[in-house]
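Residue-level structure breakdown
These are the residues of each chain, in order.
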Amino acid sequence: MTEHYDVIIVGSGAGGGTLANTLAPSGKKILLLERGDFLPREMGNWDPSAVFVDGRYLSPDTWYDPAGRPFQPQVHYFVGGATKLYGAALYRLRPADFGEIRFSDGVSPAWPLDYSDLEPFYTKAEWLYQVHGDHGEDPTEGPVSRQYPHPAVSHEPRVQRIHDDLAKAGYHPFHAPCGIMLDEARRPASPCIRCAWCDGYPCLVHAKADAEVIAVRPLLGLPNVTLLTGAEVIRLDTDPYGHSVSNVVASRDGEIEAYTADIVVLAAGATNTAKILLRSVLDKHPSGLANGSDQVGRNYMFHNSKAVAGFGEEPNETVFQKTLAINDFYLDGSADRGPLGNIQMLGKSNAGAMKGEEPHLTKLAPHWSLDTAAKHAVDFWLTTEDLPKPDNRVTLDGDGRVHLSYAFTNATETQALYQEFKKVLNTIGLAKHHVLRKSFYMKMDIPIAAVAHQAGTCRFGTDPASSVSDVNCKAHELDNLYFADASIFPSIGAVNPALTVIANAIRVGEHLLKRLG
Ligand SMILES: Cc1cc2nc3c(=O)[nH]c(=O)nc-3n(C[C@H](O)[C@H](O)[C@H](O)COP(=O)(O)OP(=O)(O)OC[C@H]3O[C@@H](n4cnc5c(N)ncnc54)[C@H](O)[C@@H]3O)c2cc1C
């Protein structure tokens, strides 16, 4: 007979890892089931060719596009989940994102709670993940109850000049919020050495505030927390009435094992959370668990994103480039289109990464020309909101394989943001030069493989007919099943999603602590 737990959490990433961290001090018995292992600390962590060309930290999953073609999604199954590779740009959604917003292709639905409901948890999330920034600089941000725990990361000279040129031209550049363990007053004694290997790389020195380092590692050794790695949850079973989850069934080292708990929380990432439910076909839940509304797997989003590198005459010697952003177009809607979105700087590109991201453009280029291009590149990331469409969805075939259907939305806003961005490039002296357009991880030909910002699939809401879980993220149809990952997003906004996942996981954790007494 295996042990019975108070809470089982499936997945140890931004949502699951943070939830475990919130629950652990209570002494409740927690089992964290993670399909991956610890990401190895090795020199390959910082090798652009290993990371971007060889895809060393990509997990060997195969999913299928709507035409049935296989592709390798950019998923990372490790303790810490996608945050092991994330850029640690930790933004809050803007207050307007919690309401309805009209776009050219439809309406971005409201969340079942307001910005003010999530604000205290955003603050807790920023303090837990050691975010550096300066609340008050960006005119689009909502009210905050507390300043960031650390001052904004300073701009290097090239980025400072971009900041000054933008401000002179009337834009409102602000310091991007960064989750890194950097103390600029104590350098080089601080853990973060302010290197170029943050965005898209694992951090060899564990100075990036990812879910493993911040949330899960501090729990190792606690008597009430058990982490099982290599444990892929394949389905959930219920009691005979279909009211509550009775067993969490996992495959571990080739064996099928079942675990039990009073509360079960899914935090396997938007696609895999839906996959687990859709695989749990039971008498009382014939179309998959918690899926009486036929909403599980639907409304998948992942942002309309573009990485753009401008090449200036002057070399760009910046090492840590992700310190600046502008939201001047974030709320900039008009009668015929919605707001455009966010522009932020990306980690500094290099020849190795360019080769991985643009294999078709670069395969004939001699290495020296890429080196020169990379030396002059100034890198930006443009994000426009995509809409939760019911047919943009995760489904499974008869063999349980993931199929991902996705039709792009809001091309009008995406294109308008790019047009505005070209004017921005003018302002900072990069317009006369080539603009290399890259899709995130262009290594893959199929854009939907770039699942880094995957969200939706099990949205929360007040109406059981159009959502999977309620305001506390408890499944409408089950007494003891919760969600704590990006699957709950009813809409995605136009900033990076991780801080919202983290804040919501803390919120769900505090609700569970009350429920468990
Ligand atoms: C390269 C990259 C850069 C990014 N940069 C940023 C950024 O700068 N800022 C930002 O806000 N966001 C960024 N993101 C996105 C961010 O990492 C995600 O939004 C966030 O991690 C989502 O949290 P989650 O809990 O939903 O999923 P994850 O963090 O992915 O966690 C899911 C976990 O579940 C595990 N799992 C999956 N299936 C199972 C199963 N069946 N059984 C057991 N365990 C399972 C996975 O291994 C994983 O550990 C980036 C992502 C990537 C990949």
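Residue numbers here run from 1 along each chain, matching the order of that chain's written sequence. In keeping with the predicted nature of the model, local features appear solely for residues at pLDDT of at least 70, side-chain atom pairs appear and are counted solely at 80 or more, and the whole-chain, interface and lining totals rest on all residues. Side-chain measures here rest on the full set of heavy atoms in the structure, leaving out hydrogens and waters.

Our focus in this paragraph is the overall build of the protein chain. Each helix and strand in the protein chain was counted, giving 11 helices and 23 strands. Its C-alpha atoms give the protein chain a radius of gyration of 22 Å, within 12% of the compact-globule value 24 Å for 517 residues. When the backbone C-alpha atoms are referred to their principal axes, the protein chain occupies close to 70 × 55 × 50 Å. A simple rule labels every residue: compare its accessible area, found with a 1.4 Å probe on the protein chains alone, to the largest value its type can have, and call it buried under 20%, exposed over 50%, or partly exposed in between. Out of the 517 residues in the protein chain, the part that is buried amounts to 61%. A run of DSSP states H or I qualifies as a helix once it reaches four residues; a run of E qualifies as a strand once it reaches two. Both are numbered from the N-terminal end. Radius of gyration: C-alpha atoms only; globule rule: 2.2 Å multiplied by the number of residues to the exponent 0.38.

For the rest of this paragraph, the subject is the confidence of the model for the protein chain. When the pLDDT values of the protein chain are averaged, the result is 92; 93% of them are 70 or greater. Contacts from residues 360-366, a stretch scored under 50 in pLDDT, to residues over four places away or in other chains number seven contacts. Contacts of residues 433-446 to residues separated by more than four positions or lying in other chains number 51 contacts, the stretch itself having pLDDT below 50. Scored from 0 to 100, pLDDT records how confident the predictor is in each individual residue. Contact definition: two residues touch when any of their heavy atoms are within 4.5 Å.

Moving on to the site of the ligand. Here a residue is near a molecule or strand as soon as one of its heavy atoms is found within 4 Å of it. Neighbouring residues of the ligand: 38 residues in total, closest Gly-15, Glu-34, Ala-89, Val-233 and Ala-498. With respect to the ligand, the backbone of Ala-14 contributes an N or O atom lying 3.1 Å from an oxygen atom. Within the side chain of Glu-34, one N or O atom sits 2.6 Å away from an oxygen atom of the ligand. Computed on the free molecule, the ligand has an accessible area of 1,000 Å², of which 96% lies beneath the protein chains in the complex. Listing elements by their share of the shell around the ligand, those giving two or more residues are helix 1 (14-23), strand 11 (231-238), helix 6 (270-279) and helix 11 (498-516). A per-element tally of the shell around the ligand places strand 11 first, with three residues. Partitioning the shell around the ligand into residue classes produces 22 nonpolar, 12 polar and four charged. Here a polar contact means two N or O atoms within 3.5 Å. Within protein one must be a hydrogen donor candidate and the other an acceptor candidate, and residues neighboring in sequence count only if both atoms are side-chain atoms. Residue exposure ignores everything except the shown protein chains as possible cover, and the areas themselves are Shrake-Rupley values with a 1.4 Å probe. Three categories are distinguished: nonpolar for Ala, Val, Leu, Ile, Met, Phe, Trp, Tyr, Cys and Pro, charged for Asp, Glu, Lys and Arg, and polar for the others, with Gly belonging to the last.

Turning our attention to the pairing of strand 15 (residues 304-311). In regular strands, side chains alternate between the two faces of the sheet. Strand 15 sits mainly inside the fold: seven of its eight residues count as buried. Pairing between two strands requires that DSSP report at least two bridges joining them. Two strands pair when backbone bridges link them, and strand 15 and strand 18 (residues 377-384) are joined in this way by eight bridges, in the antiparallel orientation. Paired with Lys-306 across the bridge in strand 18 is Leu-382.

Right, let's get into the nonpolar core. In globular proteins that are soluble, nonpolar side chains generally tend to be buried together. Nine residue types can take part in a nonpolar core, namely buried Ala, Val, Leu, Ile, Met, Phe, Trp, Tyr and Cys, and a core is a set of them joined through side-chain atoms within 4.5 Å. If you look at the biggest cluster of nonpolar residues, it comprises 122 residues, and the most contacted ones within it are Tyr-129, Leu-236 and Leu-481. If you tally residues by element for this core, the top one is helix 11, at 10 residues. Non-local contacts of Leu-236, meaning those with residues more than four positions away in its chain, are made with Val-245, Asn-247, Val-248, Val-264, Leu-266, Ile-276, Leu-277, Ser-280, Leu-282, Leu-289 and Leu-481. In this structure, Ile-162, Ala-416, Val-424 and Ile-428 belong to the second largest nonpolar core, which totals 22 residues.

As a further point, take unusual backbone geometry. Even without a glycine there, the phi angle at Asp-253 is positive, about 50°. On the secondary structure map, Asp-253 appears in the loop between strand 12 (245-252) and strand 13 (255-266). In this structure Asp-253 comes out as exposed when scored by relative accessible area, which is 70%. The residue Asn-299 is not glycine, and still its phi comes out positive at about 65°. Residue placement: Asn-299 occurs in strand 14 (residues 298-301).

Moving on, we come to the environment of Gly-312. Position of Gly-312 among the secondary structure elements: in the loop between strand 15 and strand 16 (324-326). Overall, the relative accessible area of 8% leaves Gly-312 in the buried class. For Gly-312 and Val-378, which are 66 residues apart along the polypeptide, the C-alpha to C-alpha distance reads 7.6 Å.

Our focus in this paragraph is helix 4 (residues 157-168). For helix 4, spanning 12 residues, the distance from its first C-alpha to its last is 16 Å, which sits close to the expected 16 Å at 1.5 Å a residue. Three or more residues of helix 4 are buried, namely Arg-158, Val-159, Ile-162, His-163 and Leu-166. Down the axis of helix 4, the sector holding all buried residues measures 145°, keeping them to one side. Set apart from the buried face of helix 4 by more than 90 degrees, the exposed residues are Pro-157 and Lys-168. Those residues of helix 4 that are buried lie in contact with strand 16, strand 17 (342-345), strand 18 and helix 10 (411-427). Given a helix with a known number of residues, its expected span is that number minus one, times 1.5 Å. Think of the arc as the fan of directions from the helix axis to the C-beta atoms.

As a further point, take the packing of aromatic side chains. Aromatic rings from Phe, Tyr and Trp, with only the six-membered ring used for Trp, were paired whenever their centres fell within 6.5 Å, and each pair was classed as stacked if the ring planes differed by under 30 degrees, edge-to-face if by over 60, and tilted otherwise. With the rule as written, the count across this model stands at 17 aromatic pairs. Seen from their ring centres, Phe-380 and Phe-421 are 5.0 Å apart, and the 65° between their planes marks the pair as edge-to-face. Of the two residues, Phe-380 is situated in strand 18 and Phe-421 in helix 10; the sequence distance between them amounts to 41 residues. Classification of Phe-380 by relative accessible area gives buried; the value is 3%. Exposure remark for Phe-421: the relative accessible area of 0% places this residue in the buried category. Every member of this aromatic cluster is reached through a ring pair, and the members are Phe-98, Trp-111, Tyr-115, Tyr-122, Phe-460 and Phe-489. Lying across the ring of Tyr-5, Lys-29 places its NZ or CZ 5.5 Å from the centre. Two conditions define a charge located above a ring, namely a distance within 6 Å from the ring centre to NZ of Lys or CZ of Arg, and an angle within 35 degrees of the ring normal.

Here Ser-59 is to be found in the loop between helix 2 (48-53) and strand 3 (63-64). In this structure, Ser-59 is in contact with Gln-72, Pro-73, Val-75, His-76 and Tyr-77, ignoring residues within four places of it in sequence.

Along the chain, Gly-269 falls in the loop between strand 13 and helix 6. The sequence separation of Gly-269 and Ser-487 amounts to 218 residues, and the corresponding C-alpha distance is 6.5 Å.

Before going further, it helps to spend a moment on the side chain of Asp-237. Inspection of the secondary structure assignment puts Asp-237 in strand 11. A residue is classified by how much of its surface remains accessible, and Asp-237, at 15% relative accessible area, is buried. For Asp-237, the residues in contact, after removing those within four places along its chain, are Ser-244, Val-245, Ser-246, Asn-247, Val-249 and Leu-282.

Below, the discussion takes up the environment of Leu-396. If you trace the backbone, Leu-396 turns up in strand 19 (residues 393-396). Contact partners of Leu-396, with chain neighbours within four places excluded, come to Lys-275, Leu-278, Arg-279, Arg-401 and Val-402.

All right, on to the packing of helix 3 (residues 115-128) against helix 11 then. At a minimum axis separation of 8 Å, helix 3 and helix 11 run at an interaxial angle of 110°. In terms of orientation, helix 3 lies roughly perpendicular with respect to helix 11. Classified by chirality, the crossing of helix 11 by helix 3 is right-handed. Within the contact between the two elements, helix 3 uses Leu-118, Phe-121, Tyr-122, Lys-124, Ala-125, Glu-126 and Leu-128 and helix 11 uses Leu-499, Thr-500, Ile-502, Ala-503, Asn-504, Ile-506, Arg-507 and Glu-510. Note on geometry: axes are lines fitted to C-alpha atoms, helical ones only across the stretch in contact, with angles between N-to-C directions running from 0 to 180 degrees. Throughout, the term roughly parallel applies to angles under 35 degrees, roughly antiparallel to angles over 145, roughly perpendicular to angles from 65 to 115, and oblique to all others. Handedness of each helix crossing follows the sense of rotation of the near helix against the far helix: counterclockwise by less than a right angle gives left-handed, clockwise gives right-handed.

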